[in-house]
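Fold and contact review
The chain contents come next:
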Amino acid sequence: MFDLLHVPCCVMDQIQLGLLVVICILALICLIVKITTKPFPNIENFEQEKSFKTAKSGSELKEFPSLDSPGSLDLSVIIPAYNEELRLPKMLDECLEFLEARKSSYEVIIVDDGSKDTTTEVGLGYVDKHGSEKVRVLTLAKNRGKGGAVRMGMLKARGENLLFADADGATTFEDLVKLEENLKEIEVDGHGLVCGSRAHLEEESIASRTVIRTILMYGFHACVWIFAVKTVKDTQCGFKLIKRKTAQIVFKTLHIERWAFDVEMLKIAEMLRLPIGEVSVRWCEIDGSKLNPIVDAVKMFRDIALLWLRYAIGAWKLPEKQE
């Protein structure tokens, strides 16, 4: 049996030296991260992003409102879109047909995240059809990533409730009702956030996935639970409903602008003890995903580890919770 008492002194010295080196390296990493990190994000808002076109043809522009202003509509739907000229129409048709059938007021903001195709033109076609009071297109000056696009749309929204939904239309839009009902149940002092969830579909999806994708999925879930979010099973479903007061805090604090932004958003909500709900939604796989399973998984793991470290050492700060 291995006995530490009989380990030669020189070996023990080497072990102690190795541990000291590791501790020093970790301390140096933390120091560098702390020094080089800004506590709050610097949110750029380029000139072209401050206004929207009121029609596809013509040059009339109107200025976007601010999330800081009081809400004037019941619902804002934010749709981040990057090169989505083919998938966007089906999603918008389903979304607008559902919203038009309701009595509540709404707007849809299509956020073109620096697309190289005709995503903006497709969106403006719906502006012509429904009017710029109901449909608006925000064309970003550069590609920011999904999180950055969602944030920019949120910061210019008028709704008391704000939904962001993926442009692929993978989630059945009428399941919004389930999120709204849950939001009413959990809301406290005007705060609340409800996540659409595909967790109930996990067993079925495993059967159709490759082994590598299944391993990555379980690894990602474990990484998220260990380093970030413990109250939500499915952090990545692109169908989330947020109260205006909650959005004002979360999207001004959010640093990550790429695929892992959902994780930081939920971690912020958890740390501030904001009400969080999760509701199962109907979802189906849609062709045309921009994700590279392996490359983007590695990036997500990196982002989540750094996310934990930056909040743990106080490099990223939290704002005061608004009452």
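Residues numbered from 1 in each chain as written. Predicted model: local features only at pLDDT ≥ 70, side-chain atom pairs only at ≥ 80, totals over all residues. Heavy atoms only, no water.

**Brief notes about the layout of surface pockets**
Its boundaries defined by the atoms lining it, the second largest pocket holds a volume of some 230 Å³. As for the second largest pocket, its lining consists of 14 residues, and the residues nearest its centre are Asn-45, Pro-65, Ser-66, Leu-155 and Lys-156. Partitioning the lining of the second largest pocket into residue classes produces six nonpolar, two polar and six charged. (1 Å grid on protein atoms, 1.4 Å probe; cavity = no way out; pocket = protein on both sides within 12 Å on 5 of 7 lines; lining within 4 Å. Points joined across faces, edges and corners; volume = space filled by probe spheres on them. Nonpolar A, V, L, I, M, F, W, Y, C, P; charged D, E, K, R; others polar.)

**Some details on helix α8 (residues 244-253)**
The buried count for α8 comes to eight of 10 residues, which makes it a mostly enclosed element. Every buried residue of α8 is accounted for by Arg-244, Thr-246, Ala-247, Gln-248, Ile-249, Val-250, Phe-251 and Thr-253. (Buried < 20%, exposed > 50% of the residue type's maximum accessible area, 1.4 Å probe, protein only. Helix = DSSP H or I, 4+ residues; strand = E, 2+ residues; numbered from the N terminus.)

**A closer look at the environment of Lys-38**
Inspection of the secondary structure puts Lys-38 in the loop between α1 (9-36) and β1 (51-53). In the structure, Lys-38 is positioned 278 residues away from Trp-316 in sequence and 6.8 Å away in space, judged by C-alpha atoms. If we ignore the near neighbours within four places in the chain, the residues touching Lys-38 are His-255, Ala-315 and Trp-316. (Contact = heavy atoms within 4.5 Å.)

**Looking at the packing of helix α2 (residues 88-100) against helix α3 (residues 119-130)**
One can describe the packing of α2 onto α3 by two numbers: an axis separation of 11 Å at closest approach and a directional angle of 25°. Here α2 lies roughly parallel to α3, going by the angle between them. Here the hand of the crossing between α2 and α3 comes out right-handed. Contacts from Leu-88, Pro-89, Leu-92, Asp-93 and Leu-96 of α2 reach α3 at Thr-119, Val-122, Tyr-126 and His-130. Broken down by class, the residue content of the contact of α2 with α3 amounts to six nonpolar, two polar and one charged. (Axes fitted to C-alpha atoms, helices over the stretch in contact; angles between N-to-C directions. Parallel < 35°, antiparallel > 145°, perpendicular 65-115°, else oblique. Left-handed = near helix turned anticlockwise from the far one by under 90°.)

**So, the side chain of Arg-158**
Relative to the helices and strands, Arg-158 is located in the loop between α4 (146-154) and β6 (159-165). The exposure class of Arg-158 is buried, given its relative accessible area of 10%. Contact partners of Arg-158, with chain neighbours within four places excluded, come to Pro-65, Gly-71, Ser-72, Leu-73, Ser-76, Glu-107, Glu-133, Arg-136 and Arg-244.

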